[in-house]
Amino acid sequence: MNNSIGERRRIIAVDDDIINRMTLEAILSVDYDFTAVSSGPEALMLLTSQLADLILLDINMPEMNGFEVLAALQQNPQTCAIPVIMLTGDLDQETEVRGIQAGAFDFVHKPFIPTLILRRIERTLQLKALQHHMQQEIDKQTAIAQAQLASTERLFREMIEALADTIDAKDKYTRGHSHRVADYAWEISRRAGKSEQYQRDVYYMAQLHDIGKIGIPSSLINKNGKLTDEEYASMKQHTTIGSAILSPVNEMPELVSAARHHHERYDGKGYPDGLSGNDIPEKVRIIAVADAYDAMTSKRSYRDALPQDRVRHEIASGRGSQFDPVFADIMLNMIDDDVHYQMREGLV
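Report follows, based on the coordinates. Model, not experiment: these values are computed from the prediction.

Calculation criteria
- Residues numbered from 1 in each chain as written.
- Predicted model: local features only at pLDDT ≥ 70, side-chain atom pairs only at ≥ 80, totals over all residues.
- Heavy atoms only, no water.
- Buried < 20%, exposed > 50% of the residue type's maximum accessible area, 1.4 Å probe, protein only.
- Helix = DSSP H or I, 4+ residues; strand = E, 2+ residues; numbered from the N terminus.
- Pairing = 2+ DSSP bridges.
- Right-handed = clockwise from strand over helix to strand, strands pointing away.
- Patch = residues over 30% accessible without salt bridge, like charges linked within 9 Å, V, L, I, M, F, W, Y side chains within 5 Å.
- Areas by Shrake-Rupley, 256 points an atom, 1.4 Å probe, with all protein chains shown as cover.
- Salt bridge = Lys/Arg side-chain N within 4 Å of Asp/Glu carboxyl O.
- Expected span 1.5 Å × (residues − 1).

### Quick look at the pairing of strand β4 (residues 84-88)
Of all five residues in β4, five are buried; the element is thus mostly enclosed. The two faces of β4 match: Val-84, Met-86 and Thr-88 on one face and Ile-85 and Leu-87 on the other face are all buried. Sheet topology places strand β3 (residues 54-58) next to β4; four bridges connect them, and they run parallel. Paired with Leu-57 across the two strands is Met-86, which belongs to β4. Handedness of the β-α-β unit built from β3, helix α3 (residues 66-75) and β4 comes out right-handed. Bridge count between β4 and strand β5 (residues 106-109): four bridges; the pairing is parallel. Paired with Thr-88 across the strands is His-109, a residue of β5.

Next up, the structure:
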């Protein structure tokens, strides 16, 4: 309990023996704001309106013994931090161990020796104050560390989003593609019941899934019309280029798998490694559905965005062949919820 400078610290003694209460009052009332009560229930009632800096607690009392009172104090968030010195006329090792395990701070033996009990009380109050200051410093340093972590995470997110903008800037027809895929992938993972950390990871992975396009000529990316077989083979290299770019990123190795495997198919007919089923990392299977959805709902050099019913048909047709059926079903539910077809390029 904190005390203002000059404020006397409050001590409550709990003892059913009136002589003991009077003795404690004579010893302590000069230096402390002292109150004595005769039973555990009386002490617990007093503490509901008047907290203390320290409690002196007799062990052997009728109605509630000291251990029962101590248990009640420990269970109450308002009193659990108050240090307790237990009073006993017969202190054996078993009683001391039991008291320490129950939360007692120290013990004082009866009959009371004024110098000893004053020293024990002052030592307990000093130790408690030290604990309080240490906890304050821990809380302060924790808050600083959390603020630094939040700042680092913001910087990480902003850098990824800036890099995603750089990637998308190469393709004049699909500006914002990476951001939209990230949003769709986040929503799929959320609907799949994944943790918030999982959702964030998917979001970051999706932002950089097309990073390999940095290594593809802009003339090829922006070509009007269908690519030749040779051009298509060159375009496919963005997956391996992307994985090579991101391979040094040790803090989040999943970024590599997103860049390399987002064009794998659930049936194993994708590229570059022909992975199938659960061999494709789960987060990447989510991104693959989101990527395909945005590709169909975005305007391209050779066509406008596809009608929503056509998009739904393509996702449904690819369920279990191109796409993981679980995440395809979630994407279909998202489409069905999007009654006015607002979940597409330019409207998300």
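### Quick look at a nonpolar patch on the surface
On the surface, Ile-18, Ile-19 and Met-22 cluster together into a nonpolar patch covering about 310 Å² of accessible area. For Ile-18, the position within the fold is in helix α1 (residues 18-28).

### A closer look at unusual backbone geometry
Of note, the bond from Lys-110 into Pro-111 is cis; its omega dihedral lies within 30 degrees of zero at -5°. Tracing the chain through its elements places Pro-111 in the loop between β5 and α5 (114-169). The phi dihedral of Glu-63 is positive, around 70°, even though this residue is not glycine. Residue position: Glu-63 is located in the loop between β3 and α3.

### A short note on α5
Its 56 residues place the ends of α5 82 Å apart at the C-alpha level, agreeing with the 82 Å of an ideal helix rising 1.5 Å per residue. When α5 is considered as a whole, its buried residues turn out to be Ile-117, Ile-121, Thr-124, Leu-125, Ile-160, Ala-164, Ile-167 and Asp-168.

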